[in-house]
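Residues per chain are reported as follows:
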Amino acid sequence: MLRAVTLDFWNTLFVDARGREREQRRVAILREELEALGNSLPPSAYDEALRFGFDFFERVWHDEVRTPSGREILDAVLGSLRARIPEEVHDRLTTAFERILLDIPPEPVPGLVYTLPALADRYRLAVVCDTGYSPGAVLRELLDRHCLLEPFAYLYFSNEHGMSKPDVRVFKHTLAQIRVPAGEAAHVGDMQRTDIAGAQAAGMAAVHFVGASSRDASRSTADAMVRHFEDLPAALGGLTCAGC
């Protein structure tokens, strides 16, 4: 019997159409701080630096199977600008970059708010999230803002543990916290490399959620595919997994 369901955060629980807006805000904050210190750079330099930071994140995430912290990403951005700043400015920038998500937030995927409590009535639920600029502390605030903390028995955020999907230890750690074996659990996510392949390697069933991003759908090895979050209970009920 399926007893537990773990869920990815980005493009599974929350969909983000405001990433570019947040990036522009980060550029504005960074430019203001550096100009206050006497640095004068063309506007294009800041855009290029933010892209460098994103590329740095992607490289570490893929090659080291961990997600760099917001501070590490900011260090990469500042390094690309050859900018040295006082520690108090660095701390202020790091905090601002991390918390912009709460000012320019993503939205819950359609159907999430009323479907999640129904899932919690049937399964032990956990979040398994690879973080970026915004750490687990900020994402918890976002979940709380939407009254979405209570359904979850455990929340795994990669910045708090030093490892990210698809490392099987991520899934095994999460399942150990909720006391359910992998053969009686399923993971729901939108990425083949991290969510689907990672969960299956850990011995879990995998559901590919394509309602927010379908870029990996054609190469998915998932046990089921769902486009609408409200269809997830039926898809989970139809799974055949190792312990079912």
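Details of the structure are given in the entry above.
These numbers were taken from a predicted model, which means no experiment stands behind them.

1. Observations regarding the nonpolar core
Soluble globular proteins tend to pack their nonpolar side chains together in the buried interior.
For step 1, the next point in the chain: Counting residues in hydrophobic clusters, the biggest one holds 36 residues, and the most contacted among them are Leu7, Phe9, Leu13, Phe229, Leu232 and Leu236.
For step 2, the next point in the chain: Looking at this core, the element that brings in the most residues is helix H6 (residues 136-145), giving four residues.
For step 3, the next point in the chain: With residues up to four places along the chain from it excluded, the contact list for phenylalanine 9 reads Phe14, Val127, Val128, Cys129, Leu139, Leu142 and Leu143.
For step 4, the next point in the chain: Formed by 21 residues, the second largest nonpolar core is a distinct cluster that contains Ala45, Ala49, Val77 and Val89.

2. Let's talk about the packing of aromatic side chains
For step 1, the next point in the chain: A full pass over the atoms with the stated rule returns five aromatic pairs.
For step 2, the next point in the chain: Considering the side-chain rings of phenylalanine 9 and tryptophan 10, the 5.1 Å spacing of their centres and the 70 degrees angle between planes classify their relative orientation as edge-to-face.
For step 3, the next point in the chain: When the ring of phenylalanine 9 is compared with that of phenylalanine 14, the centres are 4.9 Å apart and the planes differ by 10 degrees; the resulting orientation is stacked. Across the pair, exposure class does not vary: phenylalanine 9 and phenylalanine 14 are buried alike.
For step 4, the next point in the chain: Cation over ring: arginine 26 sits above phenylalanine 97, and NZ or CZ is 5.8 Å from the ring centre.
For step 5, the next point in the chain: Its guanidinium or amino end placed over the ring of tryptophan 61, arginine 193 lies 5.0 Å from that ring's centre, counting from NZ or CZ.

3. With respect to helix H3 (residues 70-81)
For step 1, the next point in the chain: Given a rise of 1.5 Å per residue, twelve residues ought to cover 16 Å, and the 17 Å separating the end C-alpha atoms of H3 matches this to within 8%.
For step 2, the next point in the chain: All of the buried residues in H3 are Gly70, Ile73, Leu74, Ala76, Val77, Leu78 and Leu81.
For step 3, the next point in the chain: The elements touched by buried residues of H3 are helix H1 (19-36), helix H2 (43-63) and helix H4 (87-103).
For step 4, the next point in the chain: One or two residues past the end of H3 sits arginine 82, with phi positive at roughly 55 degrees.

4. Points about the packing of H1 against H4
For step 1, the next point in the chain: Close contact between H1 and H4 brings their axes to 10 Å; oriented N to C, the two are set at 160 degrees. Taken as axis vectors, H1 and H4 run roughly antiparallel relative to one another. The handedness of the crossing between H1 and H4 is right-handed. Across from Arg22, Arg25, Arg26, Ile29, Leu30 and Glu33 in H1, the residues of H4 making contact are Val89, Arg92, Leu93, Ala96, Phe97, Ile100, Leu101 and Asp103.
For step 2, the next point in the chain: A class-by-class count of the residues in the contact of H1 with H4 yields eight nonpolar, no polar and six charged.

5. Focus on the sheet that holds strand E8 (residues 224-226)
For step 1, the next point in the chain: Overall, parallel pairing links the six strands, which are arranged E5-E4-E1-E6-E7-E8 in an open sheet. Of all strands in the sheet, those bounded by a partner on one side alone are strand E5 (154-157) and E8. Across this sheet, the average inter-strand angle for adjacent strands is 20 degrees, counted without regard to direction.
For step 2, the next point in the chain: As paired elements, strand E7 (residues 205-209) and E8 share three bridges and run parallel to each other. If you follow histidine 208 over to E8, its bridge partner there is methionine 225.

6. Considerations on unusual backbone geometry
For step 1, the next point in the chain: A cis amide bond, omega 15 degrees, links lysine 165 with the succeeding residue proline 166.
For step 2, the next point in the chain: Relative to the elements of secondary structure, proline 166 occurs in the loop between E5 and helix H7 (168-178).
For step 3, the next point in the chain: Although it is not a glycine, arginine 179 sits at a positive phi angle of roughly 60 degrees.
For step 4, the next point in the chain: Residue classification places arginine 179 among the exposed residues on the basis of a relative accessible area of 67%.

7. A short note on the layout of surface pockets
For step 1, the next point in the chain: Quantified by volume, the largest pocket comes out at close to 1,000 Å³.
For step 2, the next point in the chain: In this structure, the largest pocket is lined by 30 residues; those nearest its centre are Trp10, Phe54, Phe57, Glu58 and Gly132.
For step 3, the next point in the chain: Among the secondary structure elements, those contributing two or more residues to the lining of the largest pocket are H1, H2 and helix H8 (192-201).
For step 4, the next point in the chain: A per-class count over the lining of the largest pocket returns nine nonpolar, nine polar and twelve charged.

Rules used throughout
Throughout, residues of each chain are indexed from 1 in the direction in which the sequence is written. Per-residue local features of the predicted model are confined to residues with pLDDT of at least 70, and side-chain atom pairs are confined, for both listing and counting, to 80 or more; whole-chain, interface and lining totals are unaffected and use all residues. Side-chain measures here rest on the full set of heavy atoms in the structure, leaving out hydrogens and waters. Here, the term nonpolar core denotes a set of buried Ala, Val, Leu, Ile, Met, Phe, Trp, Tyr and Cys residues that are joined through side-chain atoms within 4.5 Å. When accessible area is computed with a 1.4 Å probe and restricted to protein chains, residues below 20% of their type maximum are described as buried, those above 50% as exposed, and intermediate ones as partly exposed. The numbering of helices and of strands both runs from the N terminus, where a helix is a DSSP run of H or I of at least 4 residues and a strand a run of E of at least 2. Throughout, a contact is declared for two residues whenever any of their heavy atoms are within 4.5 Å. The aromatic pairing rule takes the rings of Phe, Tyr and Trp, using the six-membered ring of Trp, and pairs them if the centres are within 6.5 Å, calling planes under 30 degrees apart stacked, those over 60 edge-to-face and the rest tilted. Think of it as a cone above the ring: NZ of Lys or CZ of Arg counts as a charge over the ring if it is within 6 Å of the ring centre and within 35 degrees of the ring normal. One less than the residue count of a helix, multiplied by 1.5 Å, gives the span that helix is expected to have. Each axis is a line fitted through C-alpha atoms, and for a helix only the stretch in contact is used; angles between axes span 0 to 180 degrees, taken between their N-to-C directions. Oblique is the label for every angle not falling under 35 degrees (roughly parallel), over 145 degrees (roughly antiparallel), or within 65 to 115 degrees (roughly perpendicular). For any helix crossing, the convention is left-handed if the near helix is rotated counterclockwise from the far helix by under a right angle, and right-handed if that rotation is clockwise. Polar here means any residue outside two lists: the nonpolar Ala, Val, Leu, Ile, Met, Phe, Trp, Tyr, Cys and Pro, and the charged Asp, Glu, Lys and Arg; Gly therefore counts as polar. At least two DSSP bridges between two strands are required for those strands to pair. Both cavities and pockets are sets of points on a 1 Å grid over the protein atoms alone; in a cavity a 1.4 Å probe fits but cannot get out, in a pocket the set is open with protein on both sides within 12 Å along at least five of seven lines, and lining residues sit with an atom within 4 Å of a point. Grid points are joined across faces, edges and corners, and a volume is the space filled by probe spheres set on the points.

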